[in-house]
Amino acid sequence: MNFKYDLGIVGSGPAGYTAALHGRRKGLSVVLFEKAEVGGVCLNRGCIPTKTVLHSVELLEEVKSGEELGIYAPDVKADFSKIIERKNQVVAKLRKGLELSLKNSGTVIINSEAALKDKNTIEAGGEVYSCGKIIVATGSEPRTFSGMEIDNINVLNSDGVLNLTELPKSIAIIGSGAIGIEWARIFAGLGVDVTVIELAENLLPIADTEVSKRIERIFKAKKIKVCKSVKVDRIDSEDVCRILLNNGKTLEAEKVLVAVGRTVPDKTKIDGVDYIGDVCGEIQLAHYASKQAIELIDGIKFDKTLVPSVIYGNPEIAWAGKREQDLDEGSYQKSTMLISALGKSHCDNSTDGFIKILSKDGKIIGVHIVSKEASALIQEVLIAMQNNISVDKLKEVCFAHPTYSEGIFETLFGL
Ligand SMILES: Cc1cc2nc3c(=O)[nH]c(=O)nc-3n(C[C@H](O)[C@H](O)[C@H](O)COP(=O)(O)OP(=O)(O)OC[C@H]3O[C@@H](n4cnc5c(N)ncnc54)[C@H](O)[C@@H]3O)c2cc1C
């Protein structure tokens, strides 16, 4: 059978656009369908907009603490509408760049909702496209629960919060995953009264427990209130939001952000079609989505246990591999060092955090970092883990001074 395209891709988020660009690199003819904005959640409503807003807040906090460093800016203040305007500009610029890259690569972009007829046929905009192979990369949507109805006016999800034009006086954030933690940092940095409500007994329950405990300390210092081990039964949204908890208490806040994870609306799958990215319901991260795309096109498997997690803000949080709570006592070695032991952290006035490395039989099995530049540090260790480089071999590397990388070097010596 003659197909019009070698590859048809539904969804242009990190999974879809990476598959398209990589498919073109490999000489495949590619048609890519997108019903909304090119770039998917990551570029338009996820990674990029949140990190752009967060950067403004980090700058504000840094300038505010400048007096200690001999920098005086007594009247520094934030203009929230300007922060949001810049966020929109950054997103628009990157989206334009991505559209151009896709066009220049020779990918055919169809701006329309697509539906699969069978494993080789896609229908979109009244046309039928026959494809040798189809990839579905349609992503995920914010999850909600009954009693937490989203109106995106007072009760917001991760999409609605990006459209706020004015800062609320107070906000309750339900869920302390990556999205909840980052928005708590954003709002608190802008002077909003923030309360984080978490069902689990620790904040950021997906992290190593020691990391969770450190975040709690950091939140306390930033006056972010935390309610743990508590479930939200209902939100009543009138002039003010009332959050009814299962312990009988009620919290009040001007706005509520529901950040309780993401879900995949349509779970039906067609045999012979590949599903990648958030739609798989596995690890819902942009780099996992794009790695899956490369894996699929190249047919080379990657180690899914070595996917880094990063939470942004000050300080950053990053981890990969095993968490301590997953390991049997005595079955591994552990070394931890405080970031305050590093000269560079004092130069930068950023001494909060630690590096923890877990090893077994001379190989690193887990790494957990709370530190400025943690997002970069994690990659150094991951390269070693991916390539089975032993702790002893890593110690032979010469680490530059003064850097946060020296912290990795020093931690290795404790193993
Ligand atoms: C607030 C927030 C912050 C985040 N921050 C990070 C971060 O810092 N780092 C990180 O790694 N991840 C982050 N993520 C997660 C990341 O955004 C997702 O993991 C990533 O976008 C998944 O990519 P994807 O390609 O699978 O799907 P998506 O990015 O969701 O893209 C799917 C695309 O498919 C389109 N589509 C769906 N159905 C159809 C159809 N029938 N026809 C045509 N098009 C269709 C959609 O319109 C969408 O554009 C964040 C998410 C959120 C919400």
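Everything quoted here is computed from the prediction, not taken from an experiment.

K.L.:
Sorry if this is basic, but what is going on with the site of the ligand here?
P.N.:
The environment of the ligand is made up of 34 residues, and the closest members are G11, G13, G40, G139 and G277. Mapped by element, the contributors of at least two residues to the shell around the ligand are α1 (14-25), α2 (40-45), α3 (47-64) and α7 (286-298). A class-by-class count of the residues in the shell around the ligand yields 15 nonpolar, 14 polar and five charged.

K.L.:
What is the right way to read the packing of α3 against helix α4 (residues 80-105) from this model?
P.N.:
When two helices pack together, their arrangement is given by the angle between the helix axes and by the axis-to-axis distance. Contact geometry of α3 with α4 gives a least axis separation of 9 Å together with a crossing angle of 140 degrees. Relative to α4, the element α3 lies oblique. Considering how the two elements wind past one another, α3 and α4 form a crossing that is right-handed. On α4, the residues that touch I48, P49, T52, V53 and S56 of α3 are I83, R86, K87, V90, V91 and L94. A class-by-class count of the residues in the contact of α3 with α4 yields seven nonpolar, two polar and two charged.

K.L.:
What should I look at first to understand the sheet that holds strand β15 (residues 255-258) in this one?
P.N.:
Strand pairing in a sheet relies on backbone hydrogen bonds, with the paired strands running either antiparallel or parallel. Across the sheet, five strands lie side by side as β8-β15-β9-β10-β11; this open sheet has parallel pairing. Taken across any chain shown, the strands that pair with only one partner, and hence form the sheet edges, are β8 (155-156) and β11 (225-227).

K.L.:
Hey, could you run me through the nonpolar core in this one?
P.N.:
Nonpolar side chains in soluble globular proteins tend to end up buried together. Of all hydrophobic cores here, the largest spans 68 residues; its most connected members are I173, I174, A184, V256 and L257. Once residues within four sequence positions are removed from consideration, A184 is found in contact with I173, V194, V196, F219 and I224. Among the nonpolar cores identified, the runner-up in size contains 36 residues, and I9, V10, Y129 and C131 belong to it.

K.L.:
For this particular structure, what's the right way to read the domain arrangement of the chain?
P.N.:
Where interface size is given, it is often the accessible area lost as the parts come together that is meant. Entries for the chain in the domain assignment read domain 1 (2-140 + 264-298), domain 2 (143-261) and domain 3 (309-412). Once you take the C-alpha centre of each, domain 2 and domain 3 turn out to be 29 Å apart. On the side of domain 3, 14 residues touch domain 2, which itself brings 12 residues to the contact. Elements with a minimum of two residues in the side of domain 2 that touches domain 3: α5 (178-189) and α6 (209-221). Considering each element in turn, the side of domain 2 that touches domain 3 owes the most residues, six residues, to α6. Broken down by class, the residue content of the side of domain 2 that touches domain 3 amounts to six nonpolar, one polar and five charged.

K.L.:
Is there a simple way to explain the pairing of strand β6 (residues 127-136) in this structure?
P.N.:
Bridge analysis of strand β1 (residues 5-10) against β6 gives five bridges, and the strand direction is parallel. In the strand pairing of β6, I9 is matched with I135. Note that strand β5 (residues 121-124) and β6 share four bridges and pair antiparallel. What sits directly across from E123, in β6, is V128. A loop of two residues connects β5 with β6, the two strands running antiparallel in sequence, and G125 in this loop sits at a positive phi of about 55 degrees.

K.L.:
Would you mind going over α4 with me for this structure?
P.N.:
At 3.6 residues per turn, the α-helix brings residues three or four places apart onto the same side. Counted at 1.5 Å a residue, the expected span for α4 with its 26 residues is 38 Å, and the 37 Å between its end C-alpha atoms agrees. Of the residues making up α4, those classed as buried are I83, K87 and L102. Elements that come into contact with the buried residues of α4 comprise α1, β2 (30-33), α3 and β3 (108-110). Phi for G106, located one or two positions after α4, is positive at around 95 degrees.

K.L.:
Can you help me understand the sheet that holds strand β20 (residues 333-338) in this one?
P.N.:
The five strands lie next to each other as β18-β19-β22-β21-β20, forming an open sheet whose pairing is antiparallel. With partners counted over all chains shown, the strands left at the sheet margins are β18 (309-311) and β20, one partner each. The sheet shows a mean angle of 10 degrees between the axes of neighbouring strands, direction not considered. Along the sheet, α6 makes contact with β19 (316-321), β21 (354-360) and β22 (363-371), crossing β22 at roughly 5 degrees.

K.L.:
Any chance you could explain α6 here in plain terms?
P.N.:
With 13 residues, α6 extends 19 Å between its outermost C-alpha atoms, agreeing within 8% with the 18 Å of an ideal straight helix rising 1.5 Å per residue. Taken as a whole, α6 has its buried residues at V211, S212, R214, I215, I218 and F219. Each buried residue of α6 lies within a common arc of 165 degrees when the element is viewed along its axis, so the set occupies one face. Exposed side chains of α6 directed beyond 90 degrees from the buried face belong to R217, K220 and A221. For α6, the elements touching its buried residues are α5, β11, β19, β21 and β22. Of the residues trailing α6, K223 is marked for its positive phi of about 65 degrees.

The rules behind these values
- Residues numbered from 1 in each chain as written.
- Predicted model: local features only at pLDDT ≥ 70, side-chain atom pairs only at ≥ 80, totals over all residues.
- Near = placed C-beta within 6 Å.
- Helix = DSSP H or I, 4+ residues; strand = E, 2+ residues; numbered from the N terminus.
- Nonpolar A, V, L, I, M, F, W, Y, C, P; charged D, E, K, R; others polar.
- Axes fitted to C-alpha atoms, helices over the stretch in contact; angles between N-to-C directions.
- Parallel < 35°, antiparallel > 145°, perpendicular 65-115°, else oblique.
- Left-handed = near helix turned anticlockwise from the far one by under 90°.
- Contact = placed C-beta atoms within 7 Å.
- Pairing = 2+ DSSP bridges.
- Core = buried A, V, L, I, M, F, W, Y, C linked by C-beta atoms within 7 Å.
- Buried ≥ 20, exposed ≤ 12 C-beta atoms within 10 Å, placed from the backbone.
- Domains from an automatic or database assignment.
- Expected span 1.5 Å × (residues − 1).
- Arc of directions from axis to C-beta.

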